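Each chain, written out:
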Amino acid sequence: MSNRYISGVGTALPLLRMERAAAVKALKFSGLGGRGAGFRAFSSWDEDAVTLAVEAARTLGTGVGAVTFASTSAPFTERSHATLLSEALSLPATVRTNDVAGSRRSAISALIQALLGTETGLVVAGEARTVPAGNPLHLAYGDGGAAVRVGDEGAARLIGHASLSQDFIDLYASREHPSPYAYEERFVRETAVAQIIVPTIKRACASAGIEPARISFAAVHEPVSGCWRDIAKAAGLTAPNVAADVSLAAGDLGAAHVLFAFALACHKAKPGDLILLAGFGSGCDALIVEMTATMPGAQAADEMLATGLATSDTLRFLSLSGALNLDWGVRSEFEQKAQATAIERYGRDMIGFIGGRDSRGNVQFPKSRIPVHPDGDGPEALEDVRLADLPAKLISVTADRLNFSPDPPFWFGLVQFENGARLMMEFTDALAEGFKVGDKVRMQLRIKSHDKRRGFRTYFWKAAPFKRPSMNNNAEG
């Protein structure tokens, strides 16, 4: 067995959480909607699989040689999301990038490949799946991202793995039918558990040379909610499945689900504990790791799950999750066509949020041939400065209800970074009290423009509240 490690984890969830009970109540007349327990994490209009993946991976990228991006809901079919992610993290252009898709277990498949390889790399997953209202999956799903860093040393060592590929169709989505089409739960439960998941877990345990009962925590993607008891009994497992906690608090995160659950398991585990990861979809991939130290980023996963903004506003949820197409009127009727030439010239600095420092120490964004400085006296080369990870505060604030926003009002203002840079920026993730001058903010990559006519989107950084509220202390109507 390759002596390779997972050395860090990262997780991301949107701020917004829909109270499932409120959504089910709104659909009570129809008898549709699904189960009403817990919350469903859902994206704002300017979030997608890419932005959530970047948020999950932003602390893990230094010194990696490869980036793999996994998703079943990534926006492009002919544009590399892993390359976008690499540029958003300001990684060197020489880093190898690869996209994997087609299955909810794609991230776990990629993780096994990385652990069996030789270089330091990132496996990152992001999901923001669109489902029609009334479909039970609309509430069962959740949006989110997760990432792991793999290398020759770290906090969790690979000790065993197994894979099984089978064209088992529990649900599918296609170009002709982009909404997920699910088959009967009893058929899925009985077939997936007995023929796919349990045999793969047993083979992974055999590969590791351990009895299943030795496993301390599991991060197993259940094909249908409530399968874990049957899986554990048939496989001889006694460990709790942390993935069920994610489903209840945020939803099924698709390709990101097992990686997110693994991060939570690492927070609960201690050195010497064994953790089982198993991804499901068109087969199963399972791996077993032994904890050797405290996992960097694991505590943040627990905090991510415990923070957010709960809402019972079903119409807002339906609109932002893409299940309801509102008529926003003439203010929304404007072209946002992006030019490939502009992206080629400035795209890497834009998505990486790279400004410049002149010879006098002044930092500006964007960079220019002649520094924006009162004493500037001619062209000079500026030193690259990444602003994405720097603390900042608000100098001015405007809430605009004339400018179009799919989640009004449109917030913007002047942002002051701690290194002296100042920039007029959009704000995102407004809490109930909104924004005010002096607020501390952090940068988050978001969708800047969405050209729906051509199916193209561009990305830039926006200012978000520095801290997320606790789920125990907030709720909005």
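Residues numbered from 1 in each chain as written. Predicted model: local features only at pLDDT ≥ 70, side-chain atom pairs only at ≥ 80, totals over all residues. Heavy atoms only, no water.

1. Remarks on the overall build of the protein
As a reminder of what qualifies: Each helix is a run of DSSP H or I of at least 4 residues and each strand a run of E of at least 2, with the numbering of both proceeding from the N terminus. Atoms counted for the radius of gyration: C-alpha only. Globule rule: 2.2 Å times residue count to the power 0.38. Buried residues are those whose accessible area, probed at 1.4 Å on protein chains only, stays under 20% of the maximum for their type, while exposed residues exceed 50% and partly exposed ones sit between those limits. In what follows, residue pairs with any heavy atoms lying within 4.5 Å of each other are defined as contacts. All accessible-area figures derive from a Shrake-Rupley calculation using a 1.4 Å probe, and residue coverage is judged against the displayed protein chains alone. A positive count includes Lys and Arg, and a negative count includes Asp and Glu. His and the chain ends are not counted in either. Taken as the charge centre is NZ of Lys, CZ of Arg, CG of Asp or CD of Glu, depending on the residue.
On a plain count of helices and strands, the protein comes out with twelve helices and 23 strands. In terms of C-alpha radius of gyration, the protein reaches 23 Å, essentially the compact-globule figure of 23 Å for 477 residues. Taken along its principal axes, the extent of the C-alpha atoms in the protein is 75 × 55 × 40 Å. Counting all 477 residues of the protein, 52% fall into the buried class. Residue pairs at least 24 apart in sequence account for 72% of intrachain contacts in the protein once pairs closer than 6 positions are excluded. Working note: accessible area of the protein is about 21200 Å², and carbon and sulfur atoms make up 51% of it. Charge-centre separation for the protein: the mean point of 50 positive side chains lies 2 Å from the mean point of 51 negative side chains.

2. Let's talk about helix α10 (residues 298-306)
The cut-off we apply is this: This arc is taken over the directions from the axis of the helix to the C-beta atoms.
For α10, the complete set of buried residues consists of A298, A301, M304 and L305. Taken end-on, α10 shows its buried residues confined to a sector of 105 degrees, consistent with a single buried face. For α10, the secondary structure elements touched by its buried residues are β1 (5-12), β2 (16-19), α8 (242-249) and α9 (257-268). G308 sits one or two residues past α10 and shows a positive phi near 155 degrees.

3. Overview of the pattern of salt bridges
Rules: Salt bridges, as used here, are contacts in which a Lys or Arg side-chain nitrogen is within 4 Å of a carboxyl oxygen on Asp or Glu.
Under the counting rule described, the total for this entry stands at 28 salt bridges. A salt bridge links R454 to D451; the shortest N-O distance between them is 2.8 Å. Through salt bridges with shared partners, one network takes in D46, E47, E426, D429, R446, K448 and K462.

4. Considerations on the packing of aromatic side chains
Applied cut-off: Two rings belonging to Phe, Tyr or Trp (six-membered ring only in the last case) form a pair when the distance between their centres is within 6.5 Å. Interplanar angles under 30 degrees mark stacking, angles over 60 mark edge-to-face geometry, and anything in between is tilted. Only when the NZ of Lys or the CZ of Arg is both within 6 Å of the ring centre and within 35 degrees of the ring normal is a charge said to sit over the ring.
Under the counting rule described, the total for this entry stands at 15 aromatic pairs. Look at Y172 and Y181: their rings are 5.7 Å apart centre to centre, the planes differ by 40 degrees, and that puts the pair in the tilted class. You can call Y172 partly exposed: its relative accessible area is 32%. Classification of Y181 as partly exposed rests on a relative accessible area of 42%. Summarising the aromatic geometry, the rings of F427 and F435 are spaced 5.1 Å apart at their centres and angled 55 degrees between planes, so their arrangement reads as tilted. The pair F427 / F435 is uniform in exposure class, with both members buried. Three or more aromatic residues joined by ring pairs make a cluster, and in this case those are F353, F365, F417, F460 and W461. The side chain of R129 reaches across the aromatic face of Y141, ending 3.4 Å from its centre.

5. A short note on unusual backbone geometry
F365 connects to P366 through a cis peptide bond whose omega is 0 degrees. Following the sequence through the fold, P366 ends up in the loop between β16 (363-364) and β17 (383-386). In the segment running from P408 into P409, the intervening peptide bond is cis, with an omega of 5 degrees. Topologically, P409 is positioned in the loop between β19 (398-400) and β20 (410-417). With phi around 60 degrees, S90 is a residue other than glycine that occupies positive phi space. Turning to its location among the elements, S90 is positioned in the loop between α3 (81-88) and β5 (96-100). A positive phi angle, close to 60 degrees, is found at D429, a residue other than glycine. With respect to the helices, strands and loops of the structure, D429 is situated in the loop between β21 (422-426) and β22 (440-451).

6. Regarding the packing of helix α6 (residues 185-208) against helix α7 (residues 228-235)
Convention followed: Each axis is a line fitted through C-alpha atoms, taken for helices only over the stretch in contact, and angles between the N-to-C directions span 0 to 180 degrees. Angular relationships are summarised with four words: roughly parallel below 35 degrees, roughly antiparallel beyond 145, roughly perpendicular across 65 to 115, and oblique for the angles in between. Handedness of each helix crossing follows the sense of rotation of the near helix against the far helix: counterclockwise by less than a right angle gives left-handed, clockwise gives right-handed. Classification used: nonpolar for Ala, Val, Leu, Ile, Met, Phe, Trp, Tyr, Cys and Pro, charged for Asp, Glu, Lys and Arg, polar for all others including Gly.
For the pair α6 and α7, interaxial distance at closest approach is 10 Å and the crossing angle is 45 degrees. Classified by the interaxial angle, the pair formed by α6 and α7 is oblique. For the element pair α6 and α7, the recorded crossing hand is right-handed. When α6 is examined against α7, the residues R189, V193, I197, V198, I201 and K202 are found in contact with a partner set consisting of D230, I231, A234 and A235. A class-by-class count of the residues in the contact of α6 with α7 yields seven nonpolar, no polar and three charged.

7. Some points on the environment of I395
Note that I395 resides in the loop between β18 (392-394) and β19. For I395, a relative accessible area of 29% corresponds to the partly exposed category. Residues contacting I395, with those up to four places away along its chain left out, are L414, Q416, R422 and V437.

8. With respect to α6
Rules: In a helix, the anticipated span is given by 1.5 Å times the number of residues less one. Two axes define the bend at a residue: one fitted to the seven residues ending there, one fitted to the seven starting there, and the bend is the angle between them. The term polar contact refers here to a pair of N or O atoms within 3.5 Å; inside protein, the definition further demands a hydrogen-donor-capable atom paired with an acceptor-capable atom, and it admits residues adjacent in sequence only when both atoms are side-chain atoms.
Here α6 is 24 residues long and its end C-alpha atoms lie 32 Å apart, about the 34 Å a rise of 1.5 Å per residue gives. Most pronounced at V193, the bend in α6 amounts to some 45 degrees. Buried residues of α6: V188, T191, A192, V193, I196, I197, V198, T200, I201, A204, C205 and A208, and no others. Looking at the buried side of α6, the elements it contacts are β8 (156-165), β11 (217-220), α7, β12 (274-280) and β13 (283-291). The residue sitting at the N-terminus of α6 and contributing the capping side-chain oxygen is E184; that oxygen lies 3.0 Å from the backbone nitrogen of R186. G209, located one to two residues past α6, shows a positive phi value of around 70 degrees.

In short, shape yes, function no, at least from these values alone.
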